[in-house]
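Given next are the chains, with one letter for each unit.
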Amino acid sequence: MNKAIEVALFLHLLGVAVWIGGMIFAHFCLRPAIADLSPQLRLPLWESVFARFFNWVAASVLVILLTGGFLLTQFGGTHAALPLHAMTGLGIVMMLIFGHIRFGVFPKIRRAVQSQNWPDGARAVGTIRRLVLVNIVLGVVTVGAAVLSRGF
Ligand code: HEM
């Protein structure tokens, strides 16, 4: 394996670790730990956590896209193994879902916190919770597709 492929794979996997690891932490650790807080405390906390985490995800998405695109050209491009195309497709769906979370739903939490509209804020956090769960499942399936591509 040449050096450029090794470096790209290293960065690709780092991006994947930050994104999936962050989602697992938020969904399975932070969410249940703060579930009993009042909305007045919980929703501003989510806003501040998401604002930071989504910057990390945006950087990861950029790295995953650039390195994934490069790796794809090195692994056959359009003739690459089927699981690599599955990875590309699933990865793009995950990125679109993230885009919807970041630019469609997250601003609703911001607005709700600013206007102290707790029911609207709680609804938006609930929407993000469901979409993040979808992305965790897709992420795990995508890692499975990546591993499968080794056998092709
Ligand atoms: C969206 C665009 C993406 C493209 C074009 C892409 C492409 C690639 C390519 C060509 C490889 C090298 C395969 C190999 O080493 O045999 C790779 C490795 C890998 N990718 Fe992606 N990928 C993308 C997104 C993702 C996402 C979203 C995830 C996880 C959620 C992911 C997880 C992995 C893993 C775990 C490997 C290592 C596989 C291995 O070395 O066995 N990729 N990717």
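Residues numbered from 1 in each chain as written. Predicted model: local features only at pLDDT ≥ 70, side-chain atom pairs only at ≥ 80, totals over all residues. Heavy atoms only, no water.

What about the UniProt feature "domain: Copper resistance protein D" (unreviewed entry) in the chain?
Right, so step 1: The sites that carry the UniProt feature "domain: Copper resistance protein D" (unreviewed entry) are, in the present numbering, residues 49-148.
Right, so step 2: A helix fraction of 90% and a strand fraction of 0% characterise residues 49-148, whose end C-alpha atoms lie 34 Å from each other. (UniProt positions renumbered as here; feature names shortened; annotations may be inferred. Helix = DSSP H or I, 4+ residues; strand = E, 2+ residues; numbered from the N terminus.)

What to know about helix H1 (residues 3-34)
Right, so step 1: Between the first and last C-alpha of H1 there are 44 Å, a value that for 32 residues agrees with the 46 Å anticipated at 1.5 Å per step.
Right, so step 2: Sitting at the amino-terminal end of H1 is Asn2, which places a side-chain oxygen 3.0 Å from the backbone nitrogen of Ala4. (Expected span 1.5 Å × (residues − 1). Polar contact = N/O pair within 3.5 Å; in protein donor to acceptor, adjacent residues only side chain to side chain.)

Some words on the UniProt feature "transmembrane region" (unreviewed entry) in the chain
Right, so step 1: The UniProt entry lists residues 7-33, 53-72, 84-107 and 127-148 under the feature "transmembrane region" (unreviewed entry), expressed in the numbering used here.
Right, so step 2: Between the end C-alpha atoms of residues 7-33 the distance is 37 Å, and the span holds 100% helix and 0% strand.
Right, so step 3: For residues 84-107, the end-to-end C-alpha separation is 34 Å, with 100% helix and 0% strand making up the annotated structure.

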